[in-house]
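So you can see what is in the structure, the chains are spelled out below.
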Amino acid sequence: MADGVLSFPLTSFHDDGSLDPDGFRAYVAERIATGPGAVFPACGTGEFFSLDEGEYRQVVTITVEEAGGRVPVVAGIGYGWAQAVRFARIAEEAGADALLVLPHYLVTAPQDGLVAQLEQIAARTRLPLIAYQRGQVAFSVASLKRIADIPTVVGLKDGHSDLDRLQRLTLAAPEDFLFFNGAATAEIQARAYATVGVPAYSSAVHAFAPEIANAFFTAFQGGDDGTVDKLLRDFYVPLVELRDRVPGYAVSLVKAAARLRGCPVGPVRAPLTDPSAADLADLELLLAAGLDLVGAAL
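Throughout what follows, the structure given in this document is the object of discussion.

Basis of the calculations
Sequence order as written defines the numbering, with residues in each chain counted from 1. Local features in this predicted model are restricted to residues whose pLDDT is 70 or higher, and side-chain atom pairs enter the listing and the counts only when it is 80 or higher, whereas totals over whole chains, interfaces and linings include all residues. Each side-chain value is derived from all of the structure's non-hydrogen atoms; neither hydrogens nor water enter the calculation. Helix numbers and strand numbers start at the N terminus; a helix is a DSSP run of H or I with at least 4 residues, a strand a run of E with at least 2. With a 1.4 Å probe rolled over the protein chains alone, any residue whose accessible area is under 20% of its type maximum counts as buried; one over 50% counts as exposed, and the rest are partly exposed. In what follows, a contact means two residues having at least one pair of non-hydrogen atoms within 4.5 Å. Accessible areas in this description were obtained via Shrake-Rupley with a 1.4 Å probe; residue shielding takes into account the shown protein chains only. The sign given to each residue is positive for Lys and Arg and negative for Asp and Glu; His and the chain ends receive no count. Working definition for charges: the position is that of NZ of Lys, CZ of Arg, CG of Asp or CD of Glu. Axis lines are fitted to C-alpha atoms, over the contacting stretch for helices. Their N-to-C directions set the angle, which ranges from 0 to 180 degrees. For any helix crossing, the convention is left-handed if the near helix is rotated counterclockwise from the far helix by under a right angle, and right-handed if that rotation is clockwise. Following the grouping adopted for this structure description, the nonpolar residues are Ala, Val, Leu, Ile, Met, Phe, Trp, Tyr, Cys and Pro, the charged ones are Asp, Glu, Lys and Arg, and the polar ones are all others, Gly among them. Note: two strands are recorded as paired if DSSP finds a minimum of 2 bridges between them. Each Phe, Tyr or Trp ring (for Trp, its six-membered ring) is paired with any other whose centre lies within 6.5 Å, and the angle between the two planes then decides the class: stacked below 30 degrees, edge-to-face above 60, tilted in between. For salt bridges, the criterion is a side-chain nitrogen of Lys or Arg within 4 Å of an Asp or Glu carboxyl oxygen.

1. Section: the overall build of the protein chain
- What the protein chain contains, in helices and strands, is eleven helices and eight strands.
- Scored against the burial criterion, the 298 residues of the protein chain give a buried share of 52%.
- Taking contacts inside the protein chain between residues at least 6 apart in sequence as the whole, the part at least 24 apart equals 72%.
- A total accessible area of about 12,100 Å² is found for the protein chain, and carbon and sulfur atoms account for 53% of it.
- The centroid of the 23 positive side-chain charges in the protein chain is displaced by 4 Å from the centroid of its 36 negative side-chain charges.

2. Overview of the packing of helix 2 (residues 53–67) against helix 3 (residues 81–94)
- Between helix 2 and helix 3, the shortest axis-to-axis distance is 9 Å and the interhelical angle comes to 35°. Seen along the crossing, helix 2 lies across helix 3 with a hand that is right-handed. Packed against helix 2, whose contacting residues are Glu 53, Tyr 56, Arg 57, Val 60, Thr 61 and Val 64, the element helix 3 presents Arg 86, Phe 87, Ile 90, Ala 91, Glu 93 and Ala 94 at the interface.
- Of the residues contributing to the contact of helix 2 with helix 3, the split by class is seven nonpolar, one polar and four charged.

3. Observations concerning the sheet that holds strand 6 (residues 153–158)
- In space, the five strands of this open sheet follow the order 3-4-5-6-7, with parallel pairing throughout. What marks the edges here is a single partner per strand, and that holds for strand 3 (74–77) and strand 7 (178–181). The sheet shows a mean angle of 25° between the axes of neighbouring strands, taken without regard to direction.
- Direction of pairing for strand 6 relative to strand 7: parallel, over a ladder of four bridges.

4. Points about the packing of aromatic side chains
- Scanning all chains against the criterion turns up 13 aromatic pairs.
- Measuring from ring centre to ring centre gives 5.0 Å for Phe 48 and Phe 87, while their planes differ by 65°; the resulting arrangement is edge-to-face. Here Phe 87 lies in helix 3 and Phe 48 lies in the loop between strand 2 (38–39) and helix 2, a separation of 39 residues in the sequence. Each member of the pair Phe 48 and Phe 87 is classed as buried.
- Centre to centre, the rings of Tyr 201 and Phe 217 are 6.1 Å apart; their planes meet at 50°, and the pair counts as tilted. Of this pair, Tyr 201 sits in the loop between helix 7 (190–195) and strand 8 (202–203) while Phe 217 sits in helix 8 (residues 210–222), and the two are 16 residues apart along the sequence.
- Since its relative accessible area comes to 11%, Phe 217 is described here as buried.
- The rings of Tyr 201, Phe 216, Phe 217, Phe 220, Phe 235 and Tyr 236 are connected pair by pair, giving a single aromatic cluster.

5. Concerning the pattern of salt bridges
- Scanning the entire structure with this criterion turns up 19 salt bridges.
- Ionic pairing is found between Asp 244 and Arg 243, a salt bridge with its closest N-O pair at 3.0 Å.

Right, dumping it as structure tokens:
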């Protein structure tokens, strides 16, 4: 998975909010064709929280079909462990290679509970699990050692960006345990994460501008600091500033950018809202500038 950008595709909806399977198939096929290290359908960017089980099955099945074994497919699961297991079984039946366990619903839990959540899921699916710590989920070093002892828990995605804690976790983990940078707009913190041994990262930008995401990845991996600095300064930092204007823009702004590229992804579902006209205009200008930086066009 460290050989390419980790791709988190958007889920396509019609204007009335219903799932658009044909649009999603065309969209996810285009993402896979750009050579990501893995593809993660029905996760946060893919609005997992708004999908019913039938829609989830279609999204994962289509992704597996379009991947055709060329890249790993890691499907999102979540809520409490009982519901997570229902989604895990669907993903397993659809042919997913692994599962990303999204933060559980609502409550703050003690460390024993966080470990038990993964134990309950792992006991009920054969698929490898990647835990995602973000929001109310944050593993201690002791808990990390416990979940790493669960045979099918193979990695941890981090969205807290607490590098002190993360360094302690990476040092405590087995050598073959996987770590991923899951910060919002992860490229901003890619260098910092790499210094504590976490070079692999997810890219929301890949969902709408794989040309930019892949150019950054190539420069980052190749030590081309000049290109990395330019892309950060002239595209990524302004994108984060735009994203931070409204709650939920981490998804809805990404979806709007994909629509600007002609991708058949449709609107977001409530409780998210699509960007305002003013923010959309700013996004279009920034997107065009970013694509120009890597020699691509809107």
